[in-house]
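A closer look at the structure
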Amino acid sequence: MTDINFDYIVVGGGTAGALLANRLSTDRKKMVLLIEAGRKDDYHWIHIPVGYLYCIGNPRTDWLYNTEPAVGLNGRTLRYPRGKALGGCSSINGMIYMRGQARDYDAWAQMTGDDDWAWDKTLPDFMAHENHYKLDSDQTPPNERVRQFHGHGTHHKGVNGLVDRRVGGEWRVEKQRLRWDILDAFEQAAVQAGIPATDDFNTGDNHGVGYFEVNQKDGWRWNTAKAFLRPACYGRPNFEMWTGSQVSRLILQVQADGSQRCTGVEVWNGSEMVTVEAKAEVILSAGSIGSAQILQLSGIGDSERLNACGVKPVVHLPGVGANLQDHLQIRSVYKVQGAKTLNTLANSLWGKAMIGLEYALKRTGPMSMAPSQLGAFTRSQSDLLYPNIQYHIQPLSLDAFGEPLHSFPAFTASVCNLNPTSRGTVLIKTNRFEDAPAIAPNYLSTDTDRKVAADSLRVTRQIVSQPALAKYKPEEWKPGVQYQTDDDLARLAGDIASTIFHPVGTTKMGRADDPMAVLDSHLRVRGVAGLRVVDAGAMPTITSGNTNSPTLMMAEKAARWIIAGT
């Protein structure tokens, strides 16, 4: 057992943790330790955009979680990918840059009683690290609207995208490097169905249809390890990073006034258990699954549940591991005729060779693509005040993620409920840190969510029936036009839906009078001094879109508070 001292300990080198380590270590008088359970991000498939296919389900880069059987999914379990490498989920995710809707953050301000979470107060935190391509010096001079909503950065190419001699924010946002005729037709069909075209989903109102912007640089994935850890942190004498090291529990001590304080962590480095002391704070950024698990293993959570798992309760916080929310995507597959799709391009060795050659020479083509290229936000019912469903459209189809592409040309229109009312849990099953927790999202467990699922499938059919797609003769292959009633469609949604990898809320922030709030509005754990949780688990409600960029915003805000001691 070894004892080591730092000022700040950041647990998790993923989306939030990498930014926090960067910001906290700018004060050279403060010693910062970043602890990552996974390996360095030196696996080549992390950096090639299409490499998510080889990272998800791979023990080198994925925690390999699975959900508990879900009634709403007709008894099915789902693979539940979580990044296990430097960069965390930003090393294996879909690379989509999406902030959500202004109403998300205004609701957080109300739920926490803290106006600092309102949209107009969070926008500067998004922009603080953003490096948006529309503000590049070689682009058409941006209009005032672009400057109003996007961070100012000048892009300079580095070696394989790894060296960023930048001016402006670290988090690179670019347009995608390919288009598909079938996706262009879907976009036109969506407009014909009443969804406006948009070239910017990130102004606080993401209503519209268009190609997603992505976190890439010159055709390479841009993860948070590249953006925030190297080269900046690696050259700082006050920064230290441990990889392949898993935190087993927090060290809690009773103070003179009887209160609890987190003074450090115990870490398994693969050969011994190491005790590390934090003089100032421990910051959990292990994600919605990992942070909730570490808190429970340390005696922070629902006392009855902890006792049942052989963990001595220290602080009774029943909200730890509760309030799990996720976006469940319902994948409709349409066969088409006369259209180029990835199914047909990649169904031969020659086709695969051409795809590889294009990427090697130009950094373009299918190997540069995000899992979903085209997006749309609209309403499942016309009388709603705001978009409540999101589409991810792909020029491909398969039976399930990880399975081979179909042999016939097809596209997939995946739709998700942006604001699910179903709530799940992440709960430890044993007192061993090596054992995965029970993850139960409880998808489609409310009548409201089942109704939105059925209605969203009808919206998909409405879009596909528009004239713009007629020349491709789309044929609904899954779920099938024979299913029409609410009950049929909700049941079929349970058969074909899968996670879109956006778990949030398991350590939610909230007001002091909320018994299920784990954190205060500055992300401090209630009842434990010197401890914060800064990751997507802190979200009280899920954002209306992809969750990676909002997590970075939260880390930007939290870094200021930590440095200021507030």
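Residues numbered from 1 in each chain as written. Predicted model: local features only at pLDDT ≥ 70, side-chain atom pairs only at ≥ 80, totals over all residues. Heavy atoms only, no water.

**A short note on the sheet that holds strand β8 (residues 213-214)**
Strands in a sheet are paired, the pairing made by backbone hydrogen bonds, and the direction either parallel or antiparallel. Taken together, three strands build an open sheet; the order of strands is β5-β6-β8 and the sheet is mixed. The open sheet is flanked by β5 (130-132) and β8, the only strands paired with a single partner. Where strand β6 (residues 171-175) meets β8, two bridges bridge the pair, whose relative direction is antiparallel. Within β8, the residue paired with E174 across the bridge is V214. (Pairing = 2+ DSSP bridges. Helix = DSSP H or I, 4+ residues; strand = E, 2+ residues; numbered from the N terminus.)

**A look at the pattern of salt bridges**
With the rule as written, the count across this model stands at 26 salt bridges. Of the charged contacts in the structure, one is a salt bridge between D125 and R560, with a shortest N-O distance of 2.4 Å. Of this pair, D125 sits in helix α5 (residues 119-127) while R560 is found in helix α15 (residues 548-564), placing the two residues 435 residues apart along the sequence. Classification of D125 as buried rests on a relative accessible area of 4%. R560 sits in the partly exposed class, given a relative accessible area of 39%. With a shortest N-O distance of 3.6 Å, R491 and D488 are connected by a salt bridge. Taken together, the positions of R491 and D488, both in helix α14 (residues 486-496) and three residues apart, correspond to about one turn of that helix. One connected set of salt bridges, linked through shared partners, spans K451, D455, R458 and D486. (Salt bridge = Lys/Arg side-chain N within 4 Å of Asp/Glu carboxyl O. Buried < 20%, exposed > 50% of the residue type's maximum accessible area, 1.4 Å probe, protein only.)

**Here we look at the nonpolar core**
Core analysis: the biggest nonpolar cluster contains 147 residues, and L229, L250, V265, I300, F411 and L531 have the highest contact counts within it. If you tally residues by element for this core, the top one is α15, at eight residues. Counting seven residues, the second largest nonpolar core, distinct from the first, contains I96, M98, F201 and F212. (Core = buried A, V, L, I, M, F, W, Y, C linked by side-chain atoms within 4.5 Å.)

**Section: the environment of L523**
By secondary structure assignment, the location of L523 is in the loop between β24 (497-499) and β25 (528-529). For the pair formed by L523 and Y65, sequence separation is 458 residues and the distance between their alpha carbons is 26 Å. With near-sequence residues (within four places) excluded, L523 lies in contact with W117, M509, L531, R532, V533, V534, A538, M554, A558 and W561. (Contact = heavy atoms within 4.5 Å.)

**Remarks on empty space enclosed by the protein**
This model, assessed by the stated rule, comprises one cavity of 30 Å³ or more. The calculated volume of the largest cavity comes to roughly 180 Å³. Along the walls of the largest cavity sit 18 residues, with L328, N417, P420, L444 and D449 positioned nearest its centre. In terms of residues, the lining of the largest cavity owes the most to one element, helix α13 (residues 447-464), which gives four residues. Grouping the amino acids of the lining of the largest cavity by side-chain chemistry returns 11 nonpolar, five polar and two charged. (1 Å grid on protein atoms, 1.4 Å probe; cavity = no way out; pocket = protein on both sides within 12 Å on 5 of 7 lines; lining within 4 Å. Points joined across faces, edges and corners; volume = space filled by probe spheres on them. Nonpolar A, V, L, I, M, F, W, Y, C, P; charged D, E, K, R; others polar.)

**Looking at unusual backbone geometry**
The peptide bond linking R230 to P231 adopts the cis configuration, its omega dihedral lying at 10 degrees. Within the secondary structure layout, P231 lies in the loop between α8 (224-229) and β11 (239-242). A cis amide bond links K478 with the next residue in sequence, P479, at an omega value of 10 degrees. Here P479 is to be found in the loop between β23 (475-478) and α14. Residues other than glycine seldom take positive phi values, yet L64 does so here, at roughly 60 degrees. The backbone phi angle of L523 is positive, close to 70 degrees, even though this residue is not glycine.

**Section: α15**
Taking 1.5 Å as the rise per residue, α15 with 17 residues should run 24 Å; its terminal C-alpha atoms sit 25 Å apart, in good agreement. When you tally the buried positions in α15, you get 14 out of 17 residues, the bulk of the element. (Expected span 1.5 Å × (residues − 1).)

**Details of α5**
Looking at α5, one finds that the buried residues are W119, T122, L123, D125, F126 and M127. Its buried side turned inward, α5 meets α4 (102-112), β5, α6 (144-149) and α15.

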